[in-house]
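# Tertiary structure, described
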Amino acid sequence: MKNKIQANNTEIAYRDRGEGKAIIFLHAFPLSQIMWDDQIDQLSTSHRVITFDWRGFGDSRLGDGIASLDLFADDLAALMDGLSIQKATICGLSMGGYAALAFFRRHGHRIEKLILADTRATTDTEEGRRGRFETAEAVRLHGVEVIIETMLPRLVGETSLKNRHDVCDKVRSMIKSADPETVAQALIAMAGRSDSSELLAEIKIPTLIIVGSEDKLTPPVEAEFIRQGIPNSQMCIINGAGHLPNMESPADFNLAIANFLK
Ligand code: MLT
């Protein structure tokens, strides 16, 4: 069941299950907290697990809009305040990883341990940035339908495209239900995100980097770049998974997290 809370001038939908040390999951673009179903189900037997929808996504309100990924970071801090969580393990995947790095920059003292999955520390190329603006315009004009079939094979790995129709359907339906204006604003916010390459050396807390071996959007080479940059980090490659290893290979993904949190 989802709950709602007022945070940072908007309404955030979240789930809060289990007891013990808190771990908070930050979802990818253009998805919702539903992508973390397997994590909240399995990891909440040993931890307090929180998942939530970024503003405008899932069941959260867009409020005043997504000015930047820093706003996501501040929303997360406000959510933690509302749930009386001073410090937590933060796990961000892809856009969730960009937001986790923004959170480190702005509220780093509130991170116990960090998990960066299928993400990158660098900014977009000029071409990538242009592509985001074009996609934002297309989505505003024609709706999210225009991105579903191009995004799906980039989000889900080759193996899962063939064998995990359940995962493909779930991803498709998350994209389909996304709000076009939110999607457009998130694209523009991602295009404007800061480069975090220099920040990596400042991350001194235990950090786990996870990546699917078949990830085309943020391939293992990006994960390796992050691993080399963060002194106290370890890396786990999930074989046979793409950009969403938490959905494609949940048992391996959860095991990597459980081992890291021990
Ligand atoms: C995501 O999975 O969150 C996005 O693909 C990230 C991006 O577009 O850079």
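Everything discussed here concerns the structure shown above.
Attention here is on the structure that accompanies the text.

About the thresholds
- Residues numbered from 1 in each chain as written.
- Predicted model: local features only at pLDDT ≥ 70, side-chain atom pairs only at ≥ 80, totals over all residues.
- Heavy atoms only, no water.
- Pairing = 2+ DSSP bridges.
- Helix = DSSP H or I, 4+ residues; strand = E, 2+ residues; numbered from the N terminus.
- Right-handed = clockwise from strand over helix to strand, strands pointing away.
- Near = heavy atom within 4 Å.
- Polar contact = N/O pair within 3.5 Å; in protein donor to acceptor, adjacent residues only side chain to side chain.
- Areas by Shrake-Rupley, 256 points an atom, 1.4 Å probe, with all protein chains shown as cover.
- Nonpolar A, V, L, I, M, F, W, Y, C, P; charged D, E, K, R; others polar.
- Expected span 1.5 Å × (residues − 1).
- Buried < 20%, exposed > 50% of the residue type's maximum accessible area, 1.4 Å probe, protein only.
- Arc of directions from axis to C-beta.
- Contact = heavy atoms within 4.5 Å.
- Axes fitted to C-alpha atoms, helices over the stretch in contact; angles between N-to-C directions.
- Parallel < 35°, antiparallel > 145°, perpendicular 65-115°, else oblique.
- Salt bridge = Lys/Arg side-chain N within 4 Å of Asp/Glu carboxyl O.
- Phe/Tyr/Trp six-rings, centres within 6.5 Å; stacked < 30°, edge-to-face > 60°.
- Lys NZ or Arg CZ within 6 Å of the ring centre and 35° of its normal.

### A short note on the pairing of strand S8 (residues 233–238)
Pairing of strand S7 (residues 207–212) with S8, which is carried by 6 bridges, proceeds in the parallel orientation. Of the residues in S8, the one forming a bridge with Ile210 is Cys236. Once you follow S7 into helix H9 (residues 220–229) and on to S8, the crossover reads as right-handed.

### Re the site of the ligand
Surveying the vicinity of the ligand reveals the residues Ala28, Phe29, Ser94, Met95, Tyr98, Arg132, Leu155, Met190, Leu217 and His243. The separation between an oxygen atom of the ligand and a polar side-chain atom of Arg132 is 2.7 Å. For the ligand, whose accessible area on its own is 270 Å², the fraction buried by protein is 91%. For the shell around the ligand, the per-class residue count stands at 7 nonpolar, 2 polar and 1 charged.

### What to know about helix H4 (residues 126–142)
The α-helix advances 3.6 residues per turn, and as a result positions three or four apart in sequence lie on the same side. For H4, built from 17 residues, the straight-helix expectation of 24 Å at 1.5 Å per residue is met to within 8% by its first-to-last C-alpha distance of 24 Å. Those residues of H4 lying buried are Arg132, Ala136 and Val139. Along the axis of H4, the buried residues cluster in a sector spanning 70°; they form a single face. Looking at H4, the residues exposed on the side facing more than 90 degrees away from the buried face are Glu126, Glu127, Glu134, Glu137, Leu141 and His142. Looking at the buried residues of H4, the elements they touch are helix H3 (95–107), helix H5 (145–155) and helix H8 (180–191). Directly beyond the C-terminal end of H4, a positive phi value near 90° is found at Gly143.

### Examining the packing of H4 against H8
In contact at an axis separation of 8 Å, H4 and H8 are set at 170° when each is read in the N-to-C sense. Judged by the angle between their axes, H4 and H8 are roughly antiparallel. In this structure, H4 contributes Arg129, Arg132, Phe133, Thr135, Ala136, Val139 and Arg140 to the contact, and H8 contributes Pro180, Glu181, Val183, Ala184, Gln185, Leu187, Ile188, Met190 and Ala191. Of the residues that constitute the contact of H4 with H8, the class distribution is 10 nonpolar, 2 polar and 4 charged.

### A look at the pattern of salt bridges
Taken as a whole and judged by the stated rule, the model has 22 salt bridges. Measuring nitrogen to oxygen at the nearest pair gives 2.7 Å for the salt bridge that ties Asp37 to Lys170. Of the two residues, Asp37 sits in helix H1 (residues 37–43) while Lys170 sits in helix H7 (residues 165–176), which places them 133 residues apart along the sequence. Asp166 is the partner of Arg164 in a salt bridge, and the nearest nitrogen-oxygen pair spans 2.9 Å. Its relative accessible area of 46% is what places Asp166 among the partly exposed residues.

### A closer look at unusual backbone geometry
The omega torsion across Phe29 and Pro30 is -5°, close enough to zero to call that bond cis. You can see Pro30 is positioned in the loop between strand S3 (22–26) and H1. Its identity is not glycine, yet Ser94 carries a phi of approximately 55°, on the positive side. By the element assignment, Ser94 lies in the loop between strand S5 (88–93) and H3. Its identity as a non-glycine residue notwithstanding, Asp118 has a phi of 40°, on the positive side. Within the secondary structure layout, Asp118 lies in the loop between strand S6 (111–117) and H4.

### A word on the sheet that holds S5
The strand order across the open sheet formed by 8 strands is S1-S2-S4-S3-S5-S6-S7-S8, and the pairing between neighbours is mixed. The open sheet has two edge strands, strand S1 (3–7) and S8, and neither has a second partner. Each adjacent strand pair in this sheet contributes to an overall mean axis angle of 25°, direction not counted. Note: strand S2 (residues 10–17) against strand S4 (residues 48–52), 4 bridges, orientation antiparallel. Across the sheet, Arg17 pairs through a bridge with Val49, a residue of S4. The strands that H9 touches are S6, S7 and S8; relative to S7, the one it contacts most, it runs at about 170°.

### Structural notes on the packing of aromatic side chains
Within a pair of aromatic rings, the relevant descriptors are the distance that separates the centres and the angle that separates the planes. With the rule as written, the count across this model stands at 5 aromatic pairs. On the numbers, 4.7 Å between centres and 40° between planes, the contact of Phe25 with Trp36 is tilted. Here Trp36 lies in the loop between S3 and H1 and Phe25 lies in strand S3, a separation of 11 residues in the sequence. In this pair, the class of Phe25 matches that of Trp36, namely buried. Between the aromatic rings of Trp36 and Phe253, the centroid separation amounts to 6.3 Å while the plane-to-plane angle is 40°, which identifies the pairing as tilted. Separated by 217 residues along the polypeptide, Trp36 in the loop between S3 and H1 and Phe253 in helix H11 (residues 250–261) bring together distant segments of the chain. Residue classification places Phe253 among the buried residues on the basis of a relative accessible area of 0%. Put simply, the rings of Phe25, Trp36 and Phe253 touch in pairs and so form one group of aromatic residues. Sitting above the plane of the Tyr98 ring, Arg193 keeps its charged end 3.9 Å from the centroid.

Honestly, it's all geometry; don't read function into it.
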